[in-house]
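Here are the chains, one letter per residue:
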Amino acid sequence: MQIWTVYLPPDAHDAVGAAENMVLIKEGFCWPALIFGPFWAIWHRFWLVLLALVVVIVSIEAVGLFAGDTASAMLSTLAWIGFAFVANDARRWTLERRGWRFARVVAGGRQADAERNSLEFINYLPPPAPTAPPSRSSTTRYSAASQAALPGVIGYDIAPRAAL
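Residues numbered from 1 in each chain as written. Predicted model: local features only at pLDDT ≥ 70, side-chain atom pairs only at ≥ 80, totals over all residues. Heavy atoms only, no water.

**Considering the overall build of the chain**
A count of helices and strands for the chain gives seven helices and three strands. Split into buried and exposed, the 164 residues of the chain put 32% on the buried side. Here the contacts in the chain between residues at least 6 apart in sequence split such that 68% fall between residues at least 24 apart. Carbon and sulfur atoms make up 63% of the accessible area of the chain, which totals about 10,500 Å². (Helix = DSSP H or I, 4+ residues; strand = E, 2+ residues; numbered from the N terminus. Buried < 20%, exposed > 50% of the residue type's maximum accessible area, 1.4 Å probe, protein only. Contact = heavy atoms within 4.5 Å. Areas by Shrake-Rupley, 256 points an atom, 1.4 Å probe, with all protein chains shown as cover.)

Set out below in structure tokens:
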């Protein structure tokens, strides 16, 4: 069972917009970051992370000029493995810098399971405050009682939020 963090875009003001554009980030080791490295950072547009990665690579190569190729290879291997361990954390950090909002932590065997679990949570979010008075035929989709009855995931309390 994997643990995933769910981030909602800064411009999502309703459940549909949040569900269409949410990002799930897996906790732990990131194999694509280990295998593809800088290309992974470019794909996700992590320019500061890419800059830090280039600085580390250049520093290791400079050490290799003085210490030898074996030391450079060992340091390079350790650096790539370390980058793969912190790559998802760097992804979370970058999303938060861009204004994305942490929604919750979900569990799932695969990403599809985690998406389904997070969609169940997003469907229970309270509707946004109406800008115009509602018509008599419209009703509130979810009551406070149904929101309070939601189960917690991994010890996290699901408290309804007034506005996303």
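Once you've had a look at it, read on.
**Brief notes about the side chain of T94**
Positionally, T94 belongs in helix α5 (residues 69-97). You can call T94 buried: its relative accessible area is 5%.

**Points about unusual backbone geometry**
At R45, a residue that is not glycine, the phi angle is positive and equals roughly 60 degrees. By secondary structure assignment, the location of R45 is in the loop between α3 (38-43) and α4 (47-67).

**Considerations on a nonpolar patch on the surface**
Together, W31, I35, F36, F39, I42 and W47 line one region of the surface with nonpolar side chains, adding up to about 740 Å² of accessible area. Put simply, the parts of the chain that give the nonpolar patch at least two residues each are α2 (31-36) and α3. For the nonpolar patch, the element with the highest residue contribution is α2, accounting for three residues. Structurally, I42 is set in helix α3. According to the relative accessible area criterion, I42 is partly exposed, its value standing at 40%. (Patch = residues over 30% accessible without salt bridge, like charges linked within 9 Å, V, L, I, M, F, W, Y side chains within 5 Å. Salt bridge = Lys/Arg side-chain N within 4 Å of Asp/Glu carboxyl O.)

**Examining the nonpolar core**
Core analysis: the biggest nonpolar cluster contains eleven residues, these being C30, A33, W40, A41, F46, V49, L50, L53, F83, A87 and A90. Secondary structure elements with two or more residues in this core: α3, α4 and α5. Excluding anything up to four places from it in sequence, F83 contacts A33, G37, W40, V49 and L53. Residues W4, L8, M22 and A103 belong to the second largest nonpolar core, which totals eight residues. (Core = buried A, V, L, I, M, F, W, Y, C linked by side-chain atoms within 4.5 Å.)

**Here we look at the sheet that holds strand β2 (residues 23-26)**
Sheet architecture is open: three strands sit in the order β2-β1-β3, paired in antiparallel fashion. Of all the strands in the sheet, just β2 and β3 (101-108) have a single pairing partner and so form its edges. Ignoring strand direction, the axes of neighbouring strands in this sheet form an average angle of 30 degrees. Against the sheet, α5 contacts β1 (2-8) and β2, and its axis sits at roughly 150 degrees relative to β2. (Pairing = 2+ DSSP bridges. Axes fitted to C-alpha atoms, helices over the stretch in contact; angles between N-to-C directions.)

**Points about the packing of aromatic side chains**
Within this structure, the stated rule accounts for six aromatic pairs. Where Y7 meets F102, the ring centres are 5.8 Å apart and the plane angle is 70 degrees; that geometry is what we call edge-to-face. Pair noted here: Y7 is in strand β1 and F102 is in strand β3, with a separation of 95 residues, a long-range link. One aromatic cluster is present, built from ring pairs that chain together W40, F46, W80 and F83. Lying across the ring of W93, R97 places its NZ or CZ 5.1 Å from the centre. (Phe/Tyr/Trp six-rings, centres within 6.5 Å; stacked < 30°, edge-to-face > 60°. Lys NZ or Arg CZ within 6 Å of the ring centre and 35° of its normal.)

**Quick word on the pattern of salt bridges**
Any two side chains of opposite charge can pair, on the condition that their charged atoms come close. Summed over the entire model, instances satisfying the criterion amount to two salt bridges. Notably, a salt bridge pairs E27 with R92, separated by 2.9 Å at the nearest N-O pair. Separated by 65 residues along the polypeptide, E27 in the loop between β2 and α2 and R92 in helix α5 bring together distant segments of the chain. Under the relative-accessibility criterion, E27 is labelled partly exposed at 33%.

**Brief notes about the confidence of the model for the chain**
Averaged over every residue, the pLDDT of the chain is 76; the share at 70 or more is 69%. Here residues 142-147 scores under 50 on pLDDT; set against residues more than four positions off or in separate chains, the count is eight contacts. (pLDDT = per-residue confidence, 0-100.)

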